[in-house]
Amino acid sequence: MKFNQKYKIQKRISYLTYDETFALSFNQPKFSPTPIWDSNGITIADRSVIGKNPMAIFVNTNNTIYIANQENNTIVVWQEESVNPTMIISGNFTESHSLFVTSNGDIYIDDGDYNGHVLKYMVETSTFVTVMNVNSSCEGLFVDINDTLYCSMSEHHQVVKRSLNDYEINSNHVAAGTGSLGSNSNQLHWPLGIFVDVNLDLCVADCENHRVQLFQSGVSNGITVAGEESLNPTITLNCPTKIILDTDKYLFIVDRNYHRIVGSSLDGFRCLVGCFGKGLQSNQLYDPFSFSFDQSGNMFVTDYTNHRIQKFLLMKDSFALSFNQPKFCQTATWNSNGSTFANQSIVGEDPVAIFVNTNNTIYVANRENNTIVIWHEENLNPTMIIHGNFTQPRSLFVTSNGDIYIDDGDYNRLVQKWSAATGTFVTVMNVNSSCDGLFIDINDTLYCSMSFNDQVVKRSLHDSEMNSNRVAAGTGIRGSALDQFADPAGIFVDVNLDLYVADCLNNRVQLFQSGESNGITVAGYKSQTPTIELYYPTGIILDAEKYLFIVDRNNHRIVGSSLDGFQCLVGCYEGGSQSNQLNIPVSLSFDHSGNIFVTDRVNNRIQKFQYLEELCRKIKKKNNSIRLGWK
C-alpha cells in the first residue's frame, strides 16, 4: 500500500534531516510502477557463513551487508561484491533477532532474550555499550531521524522507544501497543519488524494479527494498512515479520508463514518472490524472516529454515546483468584488426548465434554438430559443450540464472530451453518458422522474430498454455509499411518494453514503442535523421545510454550511433578474411569491458575486436539529434 496523503504529516525539518543522514543509513530504492524481481534467488551465504536460522540482516547504502549469526553470536560483515566476509565482530550478545546500522557505521543489536538489553557496537572504538534495557528480545530495531531507538518486544505485545540523546538508560516510552495482546486498533499480538518514516509514523508487522499497523506520530490507535481488514484489502497475510517502505512509500512485507515477500503498488499488493510455496529450490523460501534492499533494488532475504541468505535480482537490473550493455565514451573506438577467438574446429561451419553474459561467459550455437559451445573469455578451449536435439539454430538467449533459450524452429517449429538447474531441455514456445532473433524482456516474455513469416511473436513464460503466442510486431504479410517487415532478424527489447527489430530486406531498423503497431525507422536511409545506409541488417544491441549498434551484414561491417550519427566501427574494409575484415557477419555481443564479439559466418570464426578505451577523450556534450533515447 502507498500511504495516502491524508496519512502524511508534513515536517519540513524532518525531510532536511532525512536527506542529510537517515537516507544514508539504508536503501529505500525508487522502483518503477510494477517492479519485478528474478523469481530464482542466488544463495550468497549459507550456514557455514551465517549460522543456523538467520534472522537479522541489514544492507547499507554502500552495499555493505550485516548479518547476525545466532549460532556463534557474531556479526558477519561483507561487501556485496565479496565472496567471503570482510569482518566478523564478536560480542557478548546471545541469539540476536535484529540489528540496525546507522550512517556512521554504529551497529545496534538485540540482546534482549537472555540479557534484557540492546547493545551498540561503536565503530570508532570497536567496543560495545548498552543503550537500552528491555523486557524481552527485540524482534525489530529501528533508529529514526531524531536518534530515537525503537524496539518491538514481541512477548510483551508492545513497541517501546527511547531517545539516544537521553543519558537515562531506563527512559523507555511506549510507541505502540497496550502491553496486552489483542486485535483492537491500539493493540498488538506478537509485533515483529518495525519501520519509522521521516514523518515519525511507525509501521509494525503485527504477526499474530496477520496485519501491518500504521501508528501516526503521537496517535495510540493504529490503522491497518495491509491484511484482510485493511482499508483496501488486496492480500491476506500470515504472520508478517519485516516491513520496508521504498522511496515512494510503497510497502514491502516478509509474509513469513506464506514463505514469500509481497509488495504494494498502485494496484494493491502482489507476491514478488517466494511465490511457489515453501521449499529449498532457488525460487522458494522456507520461513523467511527479514530482508533488505541494496542500492540497486536487489533484495536480500534471511531464509530462516533453509539457513541461507537469498539474493533476488531486480529484473530491470537483472535484465541488464544477463548480458552486457557497456557505457562508452563519446569517441568510442575499437581496434580495426580483430583476433580470431574461435574457428570452425570449435564453432562449426556458418556460426550465426552468439551471446556473452556479464561474467564474460560466451555461448555460441554450433550449427554443424548441433551443440551449444560455452567458455569463459580467458580460456582458450570451451569449458562446456551441451548436446541437444535442436537442428541448425539461428539464435540463442541466456538469462541471468544460466538458462539457455535456443531456436529450433527451422526444422522442428519450436524454441527450447536448457535449464541450468536440471541440465535438461524443455519446449517453451511453438513457432511457424525459425527464430532469427530471440529475446526475453524484464517481464519474462519471450520474443521470436520469425523471418519467414515476417512477424515478431511473443509469449509470457509464466503462461502455462504453450500456444499462447501473441503478435509483438508485423502483420505477417511482407511489405515496407510501418507495420510490416520483410525478413525480420535480430531483436532487442529495452526496459521500457520498446521493441527494436532488424528489418533485413527493408534495410532498416524499426522501433515499436510499447503497445504501438506502427514502427519508427531509427536506422536506414528512411530514418528521421539518416546518416547511414544499411544493407540487410541482422543483429542489434543498445548500449547503456541507448545508442544503437548494428550488424550491417551485406556491407560486412558493424556500425554504431553516437552524438554525430552512425559510423562504421569494425569491418570497414569491404568483405574478406583478413583480420580487419568480415564476411557476412550475423550477430554481435559485448563483453563486460566493451570488446565486440562477432559471428563471422562465411569465415567460420568468431572475431573479437578490442575496445580502445585509452583513446577515449572527453568532449563537451552537445545537443543530441541522433541518439536513440526513445521514451
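Residues numbered from 1 in each chain as written. Predicted model: local features only at pLDDT ≥ 70, side-chain atom pairs only at ≥ 80, totals over all residues. Heavy atoms only, no water.

A.B. asks: So what exactly am I meant to see when it comes to the domain arrangement of the protein chain here?
C.D. replies: In many reports, interface size means the accessible area that the parts give up when they come together. Split by domain assignment, the protein chain resolves into domain 1 (36-316), domain 2 (329-348 + 549-626) and domain 3 (349-548). Relative placement of domain 2 and domain 3: their C-alpha centres are 19 Å apart. Contacts between the two partners involve 42 residues from domain 2, matched on the other side by 41 residues from domain 3. Carbon and sulfur atoms supply 59% of the area buried between domain 2 and domain 3, which totals about 3400 Å² over both sides. A per-residue breakdown of the area domain 2 buries against domain 3 is headed by Phe341, Phe549 and Phe566, which together make up 18% of the total. Remark: the boundary between domain 2 and domain 3 carries 1 salt bridge. Two residues, Glu377 and Lys608, come together in a salt bridge whose shortest N-O distance is 2.7 Å. Here domain 2 and domain 3 share 17 residue pairs in polar contact (both at pLDDT 80 or more) between them. (Domains from an automatic or database assignment. Contact = heavy atoms within 4.5 Å. Buried area = accessible area lost by both parts, 1.4 Å probe. Salt bridge = Lys/Arg side-chain N within 4 Å of Asp/Glu carboxyl O. Polar contact = N/O pair within 3.5 Å; in protein donor to acceptor, adjacent residues only side chain to side chain.)

A.B. asks: Just to check I follow, could you spell out the packing of aromatic side chains for this structure?
C.D. replies: Any aromatic ring pair is given by two values, namely how distant the centres are and how the planes are angled relative to each other. Per the counting criterion, the structure on display carries 36 aromatic pairs. On the numbers, 5.4 Å between centres and 90° between planes, the contact of Phe341 with Phe597 is edge-to-face. Placement of the pair is Phe341 in strand S25 (residues 339-342) and Phe597 in strand S47 (residues 596-600), with a sequence separation of 256 residues. You'll find Phe341 and Phe597 in the same group, each marked buried. Stacked on the ring of Tyr304, the Lys or Arg Arg256 has its end atom at 4.8 Å from the ring centre. (Phe/Tyr/Trp six-rings, centres within 6.5 Å; stacked < 30°, edge-to-face > 60°. Helix = DSSP H or I, 4+ residues; strand = E, 2+ residues; numbered from the N terminus. Buried < 20%, exposed > 50% of the residue type's maximum accessible area, 1.4 Å probe, protein only. Lys NZ or Arg CZ within 6 Å of the ring centre and 35° of its normal.)

A.B. asks: Mind showing me how you'd approach unusual backbone geometry here?
C.D. replies: The general pattern is negative phi for most residues beyond glycine and trans for most peptide bonds. Of note in the backbone geometry, Leu200 takes a positive phi value of approximately 65° without being a glycine. Along the chain, Leu200 turns up in the loop between strand S14 (191-196) and strand S15 (202-206). In this model, Asn360 sits at a positive phi of 60°, which is unusual for a non-glycine residue. Summarising the element assignment, Asn360 is placed in the loop between strand S26 (354-356) and strand S27 (361-366).

A.B. asks: I keep staring at the pattern of salt bridges and nothing clicks. Help me out?
C.D. replies: Pairing is possible between side chains that carry opposite charge, provided their charged atoms lie close to one another. Applying the stated criterion across every chain yields a total of 18 salt bridges. Measuring nitrogen to oxygen at the nearest pair gives 2.7 Å for the salt bridge that ties Arg308 to Asp303. Look at Arg308 and you get buried, because its relative accessible area is 9%. Judged by relative accessible area, Asp303 falls into the buried class, the value being 0%. Residue Arg394 pairs with Asp410 through a salt bridge whose shortest N-O separation is 3.4 Å. Separated by 16 residues along the polypeptide, Arg394 in the loop between strand S29 (384-387) and strand S30 (396-398) and Asp410 in helix H6 (residues 409-412) bring together distant segments of the chain. On the basis of relative accessible area, Arg394 is assigned to the partly exposed category, the value being 24%. In this structure, a network of salt bridges that share partners links the residues Arg394, Asp410 and Asp436.

A.B. asks: Got a minute to help me understand the pairing of strand S45 (residues 565-570) in this structure?
C.D. replies: Along a regular strand, successive side chains alternate from one face of the sheet to the other. Note that strand S44 (residues 557-562) and S45 share 5 bridges and pair antiparallel. Bridging from a neighbouring strand, Gly560 pairs with Gln567 of S45. With antiparallel pairing between neighbouring strands as the criterion, S44 and S45 make up a hairpin whose turn holds 2 residues. (Pairing = 2+ DSSP bridges.)

A.B. asks: I keep staring at the UniProt feature "repeat: NHL" (unreviewed entry) in the protein chain and nothing clicks. Help me out?
C.D. replies: Per the UniProt record, "repeat: NHL" (unreviewed entry) is found at residues 179-218, 476-515 and 581-612. Span residues 476-515 is 0% helix and 40% strand, its end C-alpha atoms 17 Å apart. (UniProt positions renumbered as here; feature names shortened; annotations may be inferred.)

A.B. asks: Would you mind showing me how to read empty space enclosed by the protein here?
C.D. replies: Where empty space is left can be seen by rolling a probe of water-molecule size over the atoms. Applying the stated criterion to the full structure yields 2 cavities of 30 Å³ or more. In this structure, the largest cavity spans a volume of roughly 220 Å³. When its volume is computed, the second largest cavity comes out at roughly 30 Å³. Lining the second largest cavity are Pro33, Pro35, Phe252, Gly263, Ser264, Ser265, Arg270 and Leu272. Looking at the lining of the second largest cavity, the elements with two or more residues in it are strand S20 (260-265) and strand S21 (268-273). (1 Å grid on protein atoms, 1.4 Å probe; cavity = no way out; pocket = protein on both sides within 12 Å on 5 of 7 lines; lining within 4 Å. Points joined across faces, edges and corners; volume = space filled by probe spheres on them.)

A.B. asks: What's the story with the state of the cysteines in this structure? I'm lost.
C.D. replies: When the sulfur atoms of two cysteines share a covalent bond, that bond is a disulfide. What the rule picks out here adds up to 6 disulfides. The disulfide partner of Cys207 is Cys239, and the gap between their sulfur atoms is 1.8 Å. Disulfide Cys207-Cys239: torsion about the S-S bond near -95°, hence left-handed. Of this pair, Cys207 sits in the loop between S15 and strand S16 (211-215) while Cys239 sits in the loop between strand S17 (223-226) and strand S18 (240-245), placing them 32 residues apart in sequence. The residues Cys207 and Cys239 share a single accessibility class, namely buried. (Disulfide = S-S within 2.5 Å.)

A.B. asks: It is not clear to me how the sheet that holds strand S28 (residues 371-376) should be interpreted in this structure. Could you clarify?
C.D. replies: One key point about sheets: their strands pair by backbone hydrogen bonds, in either a parallel or an antiparallel sense. Spatially, S26-S27-S28-S29 is the arrangement adopted by the 4 strands of the open sheet, whose pairing is antiparallel. Bordering the open sheet on either side are S26 and S29, each of which pairs with just one other strand. Between one strand axis and the next, the sheet turns through 15° on average, direction left out of account. For S26 and S27, the ladder comprises 3 bridges, and the chain directions are antiparallel. (Axes fitted to C-alpha atoms, helices over the stretch in contact; angles between N-to-C directions.)

A.B. asks: Teacher, can you tell me more about the sheet that holds strand S31 (residues 404-408) here?
C.D. replies: With antiparallel pairing, 4 strands are arranged side by side in an open sheet as S30-S31-S32-S33. Edge positions in the open sheet fall to S30 and strand S33 (425-430), since each of these has one partner strand only. Across this sheet, the average inter-strand angle for adjacent strands is 25°, counted without regard to direction. In this structure, strand S32 (residues 414-418) lies alongside S33, joined through 5 bridges in antiparallel fashion. Bridge assignment links Leu414 to a residue of S33, and that residue is Asn430.

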